[in-house]
Amino acid sequence: MQIESDQNNNKNNNKYISHEEMERQREFIEKIRLRLEANRENIVSDQAGAKPKAFVETYGCQQNESDSEKIKGMLWDMGYDFCDKPDGADLVLYNTCAVRENAELRVFGNIGALKHKKRKNPNMIICVCGCMMQQEHIANTIKQKYKHVDLVFGTHALYRFPELLYEVMKNERVFDTKNEDGSIFEEISFKREKPPLAKIPIMYGCNNFCTYCIVPYVRGRERSRSAENIMKDVREVAEAGYKEVMLLGQNVNSYALDLLKDERGDETVLSFPQLLREVCKIDGIERVRFMTSHPKDISDELIDAIAEEPKICNQLHLPVQCGSDRVLKLMNRRYTTEKYLEIIKKVKERIPDITLTTDIIVGFPGETNEDFERTLDILKEVEYDTIFSFIYSKRVGTPAASMPQSLTDEEIHANFDRMLAVQNEISKRKNEARLGRVEKVLVEGVSKTDPNTLTGRNEGGKVVNFAGDKSLICEFVDVKITKAQTWSLFGEIVK
Ligand code: 5AD
Ligand code: SF4
């Protein structure tokens, strides 16, 4: 079935789902809670009287992880607890990513594997949501070929999850993938990962339409949350013992530009650098990071804020994508390498200890070996600490999907491998430069591979491993760096 929703808007902000609509969703949460309580004997969980279990798996970016924390908040309020594998779960939910094809293939593989589990346990509810579902051809494939999936909903229907799930519980298959813009909803608590790190979305969507990218099509136009709501979240996490916040948006540098255009009554609108400085004033929050910045929008005020505010980490993720001006133009990135390098120069001058990272796409349609050499040039010139590199993946509906490819797949893979070799050498060298230094590390947890090793991050966001007691989790410790590898640092506590 297709759900029609009440799209009443808040009186002075048409980008929020109304309070009345959220109240309606709360009623569905309550109805589901009562229903689950009445049906305890039907749950799959092996413990008598236990809560039903939900397994939530998230693909893709931090924004998706943050959305999953909202979904988990709703599931928790409905009375679900969580488990870490689909076996034995009463509800399985995949929150999907559409940015590249390999993430999509993994989702199809995982949904396929649930078919026999559902045959054994027909009460299991299977939900698939997120960016992939916002693409018509994908939602149709699931409708026709994956009949064991009960609920499909796109990014814009996130706030309606309680209503949709309630329909499923009445034995309907539900698809809600409408394309509507403007779906910020507050009034639902995040079920966050444990302290010390909290992710806080400050805006949703993207206006940039880089020609390779599906994000603006599946997440809609930029919508900023009010500074008031963001600050409320920051205060809440500080009180709950979180020490570091990561402010999230596809392009945080255009935070609030949409709010300035709207009729907003007497609400205070802060620019992104102003918002960062306000967040730093909250007691208990010791570190502030943010993701992601578009080079065309980076301002001197932002660079000043990073340089001046001790709590804003000396770290900048600034995706360059490629080092050829010709390809940057085809990508619709709206900066030249000259402009980009000017920003990097300014950042390095103002913040000498900056940790720099970037995103690179190899094999964009039309990219030649000559263009690729320019990407290597920029890596060597900037000397990023780490790069996130991707082979171009064709996305249906984007302009680049109809642009011709110049290089063969073999050539693209060979270039990609060459680039990794160049960058690994740079990353290792940059890490080795930290040998002997004492770094302030926020301890995040115990290493997955060794129970006697703690793991945390330095101010630049680099992983540091060292021996220590787990009572130090959530604390800051001074660690002397004694060993440097390409991807991480090792050290010993000095205090
Ligand atoms: N193919 C490969 N990489 C992509 N990215 C976005 N779209 C694509 C695509 N179609 C990369 C960009 C972006 C990062 C989040 O994902 O580098 O910065
Ligand atoms: Fe995609 Fe470009 Fe928007 Fe980033 S800025 S989400 S790469 S369209």
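Residues numbered from 1 in each chain as written. Chains lettered and ligands numbered in written order. Predicted model: local features only at pLDDT ≥ 70, side-chain atom pairs only at ≥ 80, totals over all residues. Heavy atoms only, no water.

Digging into the pairing of strand β18 (residues 453-457)
Most of β18 sits inside the fold, with four of its five residues counted as buried. Summarising the sheet, strand β17 (residues 438-446) and β18 pair through four bridges and their orientation is antiparallel. Paired with V446 across the strands is L454, a residue of β18. The antiparallel pairing of β17 with β18 creates a hairpin that spans six residues between the two strands. (Buried < 20%, exposed > 50% of the residue type's maximum accessible area, 1.4 Å probe, protein only. Helix = DSSP H or I, 4+ residues; strand = E, 2+ residues; numbered from the N terminus. Pairing = 2+ DSSP bridges.)

Digging into the sheet that holds strand β9 (residues 197-201)
Spatial ordering of the open sheet is given by β9-β12-β13, a layout of three strands whose pairing is parallel. Each having just a single partner strand, β9 and β13 (287-291) make up the two edges of the open sheet. Mean inter-strand twist for the sheet, computed between neighbouring axes without regard to direction, equals 25°. Each of β9 and β12 (244-248) touches helix α7 (residues 227-239); the most contacted strand, β9, lies at about 170° to it. (Axes fitted to C-alpha atoms, helices over the stretch in contact; angles between N-to-C directions. Contact = heavy atoms within 4.5 Å.)

Thoughts on the packing of helix α1 (residues 19-38) against helix α5 (residues 161-169)
Relative orientation of the contacting elements α1 and α5 amounts to 35°, with a least axis distance of 8 Å. Between α1 and α5 the crossing geometry is left-handed. Contacts between α1 and α5 involve E21, R24, Q25, F28, I29, K31, I32, R35 and L36 from the first element and P162, E163, L165, Y166 and M169 from the second. (Left-handed = near helix turned anticlockwise from the far one by under 90°.)

Examining the site of ligand 1
Taken together, V99, R100, Y212, Q321, D359, I361, F390, I391, Y392, S393 and R395 make up the full set of residues adjacent to ligand 1. Within the contact set of ligand 1, an oxygen atom lies 2.6 Å away from a side-chain nitrogen or oxygen of D359. In the environment of ligand 1, a nitrogen atom lies 2.8 Å from a nitrogen or oxygen atom belonging to the backbone of S393. Expressed as a share of its isolated accessible area of 400 Å², the protein-covered part of ligand 1 is 85%. Listing elements by their share of the shell around ligand 1, those giving two or more residues are β15 (355-362) and β16 (386-391). Taken together, the residues of the shell around ligand 1 sort by class into six nonpolar, two polar and three charged. (Near = heavy atom within 4 Å. Polar contact = N/O pair within 3.5 Å; in protein donor to acceptor, adjacent residues only side chain to side chain. Areas by Shrake-Rupley, 256 points an atom, 1.4 Å probe, with all protein chains shown as cover. Nonpolar A, V, L, I, M, F, W, Y, C, P; charged D, E, K, R; others polar.)

A few points about the sheet that holds strand β8 (residues 174-176)
The six strands lie next to each other as β4-β3-β5-β6-β7-β8, forming an open sheet whose pairing is parallel. Only two strands of the sheet have a single partner each, and these edge strands are β4 (81-82) and β8. As paired elements, strand β3 (residues 53-58) and β4 share two bridges and run parallel to each other. Opposite K53, over in β4, you have D81 as the bridge partner.

Taken by themselves, the reported measurements are silent on function.
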